[in-house]
Every structure is written in C-alpha cells, then in structure tokens.
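# Structural characterization, general
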Amino acid sequence: MNFRIAALPGDGVGPEVTAQAVKALHNVGECFGHTFEVQRGAIGGGAIDDGGDPFPPESLELCRGSAAVLLGAVGGPKWDDPQADVRPEDGLLALRKSLQLFANLRPVKLHPALIDASPVKLEVLEGVDLVVVRELTGGLYFAEPKKRWADADGRAAVDTLAYTEAEIRRILHTAFRLAMTRRRRVTSVDKANVLETSRLWRELADEVAEDYGDVVLEHMLVDNAAMQLVRSPSQFDVIVTENTFGDILTDEAAVLSGSMGMLPSASLGEGGGDTPLGLYEPIHGSAPDIAGKGIANPLAAILSAAMMLRLSLGLGREAEALEDAVARTLEDGCRTADIARPGETSLSTDAMGDAVVSRISDSR
Ligand code: IPM
Ligand code: MG
C-alpha cells in the first residue's frame, strides 16, 4: 500500500531523530511491500525565522492531506524571549488544536535491558507498564481569557482552566476504551479538593465508568499521583488526566523508562474510524544542549513511527516488527549516550538508527 506521511522535523534534535524514524519507515516499507511518501513541512522556531509563522498554512495543508504526521520537536533558547509575540511552541499548539488532536497517549514501559539506566530502584521498576492519556486541546493551554496587562497596581497575567462536559467525556472514553484492551484499570487524576474543573471531571469519570463495567476506576489527586509514580508505579495501568497535569506527570514518568529519549507518543482526534489522522512525536523535546552533535537517542522517534503504523495506518504487524527491532537493538547492547553506562561506548544518532534498521530486515 501507499501512504502519505507529513514529516515536521522542527527544531533542535528534531531533524536528527526524525531522519532516523523516516529511515526506519522506509525500511519497514521495503520489508513489507509498502511505500511511504514522506513530505516535509515547517514548524516551530525555524518556521518563525523563515516567515514569522510557527505553523504556516502550507504545513497545515500538508498535514490535512496526509495519513499521519511525524513530528520531531519545537523550541530552543534562540526563541525563548518571554517578551516575544510568537513562540515555536505556539506552532505545536496550533497543530494540535487545528487538527483537534485531543487525546495524547504516552505509554511508559521499561525495556528490561535498560533497567539500570533509570535512577529509580530496581524493585520499584518491576512491572511498570502504564499509559498516560493526557487531554491535549483544552485547559490552561487554550482557554480564554489568556493574557497579560498592566494597570496602576502593576503587571498582571491570567490563564484560564476551563473544560466542557463534552471535552471531558471524550477523553474519558478514550481512556476506558484503552483500558479494555489492557489490565482494565483507570486512574483518573485531578485536584478535586481544590479545583471546580476537577470536581466536574470526577463526576463525569464516575458516570462514564458505568459504561465499562469491567474496568475498575480509581480517583487520585495529582500531588499524590506525582508521588505514587516514583513510589510504586506498577500500580498504574491507564492514567487519564487534564492537559497541564498530564504534561507534568509524563516528564516524571519518563524517568522510569531510563531516559526521556525512549518515550514515544501519539495524539489522536475523533473520526477516521479505525485509522484516525494522528500526530506522532517523541516526548523529549528539542534538547538544545545536544542539538547538532549527532548524539540524540532516536528510539523515541522510531517508536513513535511504530505507534503511527499501528494507530493511523492500521499496520499492526509492521509496528510490531519495528518495536521488536528496537528491543533487539537494546538487548544487543547498542546504546546512545543518554542510556549508556559510565565508560560504555555510545553510538551516534545515525548509527543507532542503522542498528535498528538492520534488525528490521532480520525479522522478515
Ligand atoms: C509536551 C511539551 C509541549 C507541551 C510544549 C513543547 C508546548 O512539553 O508535548 O509535553 O507542553 O505540551
Ligand atoms: Mg511536556
């Protein structure tokens, strides 16, 4: 089959890791008889430099005309001025919002070969296999008013935490449906002891749970959840939470997997039946400190491509072949700097990509 894929490499290490994901995709295509027609578009700081817009209309058109979008990362110190009118991150937010990609799935699994790469104790890591379902198009990131002003009392600013019933229900359904394919446990994370939006969220979670009799629902306050994630993370199966809480908890959860460089993500919208248009990106961000050095870990980007194969292209077998190739690459001891032990030699981004690619062909 032939698939059109939009690639938005973005800033920092984005282009380096996206190149590896694209290389892996082409190889999967060769092994399984598909063609992936990859077209590149601009997003983020580079796009601001080129035309002043972090997500130009051509990029949106490109995404709309594709079966899925692969993204690298956006942002960097060059565009970090708090006074700036426009920021690279606005490009990513515009992309999420304009395609209505409200469900952000962030699976956290520790590969056995990496058990000593995590700073968390071995016995705590045993059995960690969870997915954070983060609401992605509402809450503090988008709701109005959102502004800054100055008056006689000085400077002031406001962001708004707002959610509608429909927004909360659809993300809860995503979480419950996912739990049905897993260990049938949903932890809904909120701050219902303080926030009105959380109290609505909690009420709706109880209502939605009635449609999924086999799934056990538990509520957890976000501060406690932050602690439980490092104290006993194996208790979690599916965590569902609002945008900002999900942003914070997923960086924390990434530590469990040994490195931020390991975690993929998918952002999905409604519609599209079994193969919805989705955005696939590593969660590690642009990592400006190592950008351009060729040492970034490409596995999160490659694993994001695997999620894309499965969720947006309906190619489950191909996704598995790619994930198996990553697993074997790690078992064989291949490491980028972020997951290497002290003193251990580490591979470049490109060499790590090649290591995975050579193992895809093996699994034919
Ligand atoms: C993420 C990132 C983004 C977010 C930034 C880059 C806007 O941190 O995907 O987690 O906050 O959503
Ligand atoms: Mg984040």
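Since this is a predicted model, take the numbers as computed values, not measurements.

### Overview of the domain arrangement of the protein chain
- One can read the domain layout of the protein chain as domain 1 (1-101 + 277-364) and domain 2 (118-257).
- Summarising the inter-unit geometry, the C-alpha centres of domain 1 and domain 2 are found 25 Å apart.
- Tallying the contact residues gives six residues for domain 1 and nine residues for domain 2.
- Between domain 1 and domain 2 lies a buried interface of about 740 Å² when both sides are counted; carbon and sulfur atoms form 59% of it.
- Run the count over domain 1 and domain 2 and you get zero salt bridges.
- Here the side of domain 1 that touches domain 2 is composed, by residue class, of three nonpolar, one polar and two charged.

### A look at the packing of aromatic side chains
- Enumeration over the complete set of coordinates arrives at three aromatic pairs.
- An angle of 20° between the planes, with centres 5.7 Å apart, marks the rings of Phe3 and Phe36 as stacked. Taken together, the positions of Phe3 in strand S1 (residues 2-10) and Phe36 in strand S2 (residues 35-40) put the pair 33 residues apart, joining distant regions of the chain.
- Since its relative accessible area comes to 3%, Phe36 is described here as buried.
- Ring geometry for Tyr163 against Trp201: centres 5.8 Å apart, planes inclined by 75°, an arrangement best described as edge-to-face. Of the two residues, Tyr163 sits in the loop between strand S7 (154-158) and helix H6 (165-180) while Trp201 sits in helix H7 (residues 196-209), which places them 38 residues apart along the sequence.
- Judged by relative accessible area, Tyr163 falls into the buried class, the value being 9%.
- Of the residues examined, Trp201 reaches a relative accessible area of 2% and is grouped as buried.

### Considerations on the nonpolar core
- Counting residues in each nonpolar core, the largest one holds 88 residues, and the members touching the most others are Phe36, Leu70, Leu309, Leu313 and Leu322.
- With nine residues, the top contributor of residues to this core is helix H10 (residues 299-311).
- Per-domain counts for this core show at least three residues from each of domain 1 (1-101 + 277-364) and domain 2 (118-257).
- Non-local contacts of Leu309, meaning those with residues more than four positions away in its chain, are made with Leu25, Val28, Phe36, Gly314, Leu315, Glu318, Ala319 and Leu322.
- Counting residues in each nonpolar core, the second largest holds 15 residues, with Leu8, Ile43, Phe55 and Val69 among its members.

### Let's talk about a negative patch on the surface
- Taken together, the side chains of Glu203, Asp206, Glu210 and Asp211 present a region of like negative charge at the surface.
- Inspection of the secondary structure assignment puts Asp206 in helix H7.
- Asp206 sits in the partly exposed class, given a relative accessible area of 41%.

### Some points on the pairing of strand S9 (residues 216-221)
- Pairing of strand S8 (residues 185-190) with S9 involves six bridges; the strand directions are parallel. Bridging from a neighbouring strand, Val189 pairs with Met220 of S9.
- One crossover worth recording links S8 to the parallel S9 by way of H7, and it is right-handed.

### Details of the side chain of Asn297
- Residue placement: Asn297 occurs in the loop between strand S12 (278-280) and H10.
- At a separation of 3.4 Å, a polar atom in the side chain of Asn297 contacts the main-chain carbonyl oxygen of Gly261.
- For Asn297, the side chain forms a polar contact with the side chain of Thr336, separated by 3.4 Å.
- Once residues lying within four places of it in the same chain are set aside, the contact partners of Asn297 are Val17, Gly261, Met262, His284, Thr336, Asp338 and Ile339.

### Re the side chain of Thr250
- Within the element layout of this structure, Thr250 appears in helix H9 (residues 243-254).
- For Thr250, a relative accessible area of 1% gives the class buried.
- There is a polar contact of 2.7 Å between the side chain of Thr250 and the backbone oxygen of Gly246.
- A polar contact is formed between the side chain of Thr250 and the backbone oxygen of Asp247, at a distance of 3.1 Å.

### Regarding the pattern of salt bridges
- Enumeration over the complete set of coordinates arrives at 23 salt bridges.
- One salt bridge connects Arg134 with Asp247, and the closest N-O pair in it is separated by 3.9 Å. A residue pair is termed long-range when its members are at least 10 positions apart, and Arg134 in strand S5 (residues 129-135) and Asp247 in helix H9 qualify at 113 residues.
- When its relative accessible area of 27% is taken as the criterion, Asp247 is described as partly exposed.
- Asp223 is paired through a salt bridge with Lys191; the nearest N and O atoms lie 3.1 Å apart. With Asp223 in helix H8 (residues 222-231) and Lys191 in the loop between S8 and H7, this residue pair connects regions lying 32 residues apart in the sequence.
- A single network of salt bridges, built from pairs that share partners, joins Asp129, Arg182, Arg183 and Asp237.

Basis of the calculations
- Residues numbered from 1 in each chain as written.
- Chains lettered and ligands numbered in written order.
- Predicted model: local features only at pLDDT ≥ 70, side-chain atom pairs only at ≥ 80, totals over all residues.
- Heavy atoms only, no water.
- Domains from an automatic or database assignment.
- Contact = heavy atoms within 4.5 Å.
- Buried area = accessible area lost by both parts, 1.4 Å probe.
- Salt bridge = Lys/Arg side-chain N within 4 Å of Asp/Glu carboxyl O.
- Nonpolar A, V, L, I, M, F, W, Y, C, P; charged D, E, K, R; others polar.
- Phe/Tyr/Trp six-rings, centres within 6.5 Å; stacked < 30°, edge-to-face > 60°.
- Helix = DSSP H or I, 4+ residues; strand = E, 2+ residues; numbered from the N terminus.
- Buried < 20%, exposed > 50% of the residue type's maximum accessible area, 1.4 Å probe, protein only.
- Core = buried A, V, L, I, M, F, W, Y, C linked by side-chain atoms within 4.5 Å.
- Patch = residues over 30% accessible without salt bridge, like charges linked within 9 Å, V, L, I, M, F, W, Y side chains within 5 Å.
- Areas by Shrake-Rupley, 256 points an atom, 1.4 Å probe, with all protein chains shown as cover.
- Lys, Arg positive; Asp, Glu negative; His and termini not counted.
- Charge placed at Lys NZ, Arg CZ, Asp CG, Glu CD.
- Pairing = 2+ DSSP bridges.
- Right-handed = clockwise from strand over helix to strand, strands pointing away.
- Polar contact = N/O pair within 3.5 Å; in protein donor to acceptor, adjacent residues only side chain to side chain.

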